Amino acid sequence: MQIGVIGSGSFGSSLGVLLADKGYDVTVWGRNSDLIREINQNHRNEKYLPGIELPKNLKGSTNLEDAVRDKDMIVSAPPSHAITDILKEIKSYLPEKAPIVSASKGIENGSLRLVSEIFEAELPGKFHSRLSYLSGPSFAKELVKRVPTIVSIASKNEATARKVQEIFSFTYFRTYWTPDVVGVEVGGSLKNVIAIAAGVSDGLGFGQNTRAALITRGLTEISRLGVKLGADPLTFLGPSGMGDLILTCCGDASRNRTVGFRLGKGESLDSILGGMVEVAEGVKTAKSGYELSQKLGIEMAITTEVYKMLYEHKNPKEVVRDLMGRDLKREGL
């Protein structure tokens, strides 16, 4: 089986490693020619996966067509803001019968589209039954160390979901399939926003009580938006909901928690983002998540406060004060 992976960052590369471990021939696409040369010559990706030797059956390419044409499966893992342009470029040479797996997380700024909505809008209808979405608690640096991991595979087409589930499932990687594309997409996107809030709390020196409160109430507002968009509420108790939320809010390897932590310590957002190697999706998603909640008339207090902190320069201490000072209400609302 020939598999193309779009995106040579940590997560795209780690999924490529997983699939190569299973014996598939994997081509990873990236724009950085030096990085691709390192993958091909040294079997390394030191920028994103330092210290990890890549399988010999994983190669890199800077030619997007080369990574996509005639492949038996396509895995898409670029930052969410790059998806639209990439799909416009590759749709003329996408293999019609190959499953397409998106592993990106976010809500597009401006259009407020979920990643699944971007795929369905940008690709012709003949591809739609082949689309699936991978999400769940899966840090790339642990995945390439073969740490046992579970994720969700969502697709509106059961045959596609089951096929992708089978291709990805391995000794250290277990997959659960679900038809709830919206739930998986919403959970995977907004957990990054809540993780920024959790990081701020930790940076300000608050304890685990506060972090647990943010996770709990964060799950409530994620579920609230998801259900409004048609998701199954039970999805948010699974890997792509609570599982991913806990990992991203608590794990030291979480880019979004790190952004929040440094904000809580008093650093500026520009300084933090300027020094990061990879994208913290929660920064952009805070804006689109907030705007989507306003459009739909849904209260999302944590997302709103993170948006104000990132885009209106609200002081992190004021964010915590205002969250704790909200009107009292019944649990679950």
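Note that the coordinates shown come from a computational prediction; the quantities given were computed from them, not determined experimentally. (Residues numbered from 1 in each chain as written. Predicted model: local features only at pLDDT ≥ 70, side-chain atom pairs only at ≥ 80, totals over all residues. Heavy atoms only, no water.)

### Focus: unusual backbone geometry
Of note in this structure, Arg 146 is not a glycine but carries a positive phi near 65°. Phi angles above zero are rare outside glycine, and His 313 is one such case at about 60°. In this structure, His 313 sits in the loop between α14 (301-311) and α15 (316-324). (Helix = DSSP H or I, 4+ residues; strand = E, 2+ residues; numbered from the N terminus.)

### Here's the deal with the domain arrangement of the protein
Frequently, the measure chosen for interface size is the accessible area removed from exposure when the parts meet. Parsing the protein into structural domains produces domain 1 (2-179) and domain 2 (182-325). A straight line from the C-alpha centre of domain 1 to that of domain 2 covers 25 Å. At the interface, 28 residues of domain 1 touch 30 residues of domain 2. Surface buried jointly by domain 1 and domain 2 totals about 2400 Å² across both partners, of which 65% is contributed by carbon and sulfur atoms. It is Ile 107, Leu 112 and Phe 139 in domain 1 that bury the most area against domain 2; as a group they hold 27% of the surface buried on that side. Applying the counting rule to domain 1 against domain 2 returns 1 salt bridge. For the salt bridge of Asp 244 with Lys 105, the shortest nitrogen-to-oxygen distance reads 2.7 Å. Connecting domain 1 to domain 2 are 9 residue pairs in polar contact (both at pLDDT 80 or more). Looking at the side of domain 1 that touches domain 2, the elements that each hand over two or more residues are α5 (115-122), β6 (131-135) and β7 (149-154). Along the lines of polarity and charge, the residues of the side of domain 1 that touches domain 2 split into 12 nonpolar, 13 polar and 3 charged. (Domains from an automatic or database assignment. Contact = heavy atoms within 4.5 Å. Buried area = accessible area lost by both parts, 1.4 Å probe. Salt bridge = Lys/Arg side-chain N within 4 Å of Asp/Glu carboxyl O. Polar contact = N/O pair within 3.5 Å; in protein donor to acceptor, adjacent residues only side chain to side chain. Nonpolar A, V, L, I, M, F, W, Y, C, P; charged D, E, K, R; others polar.)

### Quick look at helix α9 (residues 208-228)
The end-to-end C-alpha separation of α9 is 30 Å, in line with the 30 Å expected for 21 residues at 1.5 Å each. Contact partners of the buried residues in α9: α8 (181-203), α10 (239-250), α11 (255-264), α13 (281-296), α14 and α15. Phi turns positive one or two residues past the end of α9, at Gly 230, with a value near 105°. (Expected span 1.5 Å × (residues − 1).)

### Description of the packing of aromatic side chains
Following the criterion strictly, the structure yields 5 aromatic pairs and no others. Considering the side-chain rings of Tyr 290 and Tyr 307, the 4.1 Å spacing of their centres and the 10° angle between planes classify their relative orientation as stacked. With a gap of 17 residues between them, Tyr 290 in helix α13 and Tyr 307 in helix α14 connect regions that are remote in the sequence. For Tyr 307, a relative accessible area of 13% corresponds to the buried category. Aromatic side chains Tyr 307 and Tyr 311 sit 5.4 Å apart centroid to centroid with 25° between the ring planes, which places their arrangement in the stacked category. With Tyr 307 and Tyr 311 both in helix α14 and 4 residues apart, this pair spans about one turn of that helix. On the accessibility criterion, Tyr 311 (31% relative accessible area) is partly exposed. Chaining the aromatic ring pairs together yields one cluster made of Tyr 290, Tyr 307 and Tyr 311. (Phe/Tyr/Trp six-rings, centres within 6.5 Å; stacked < 30°, edge-to-face > 60°. Buried < 20%, exposed > 50% of the residue type's maximum accessible area, 1.4 Å probe, protein only.)

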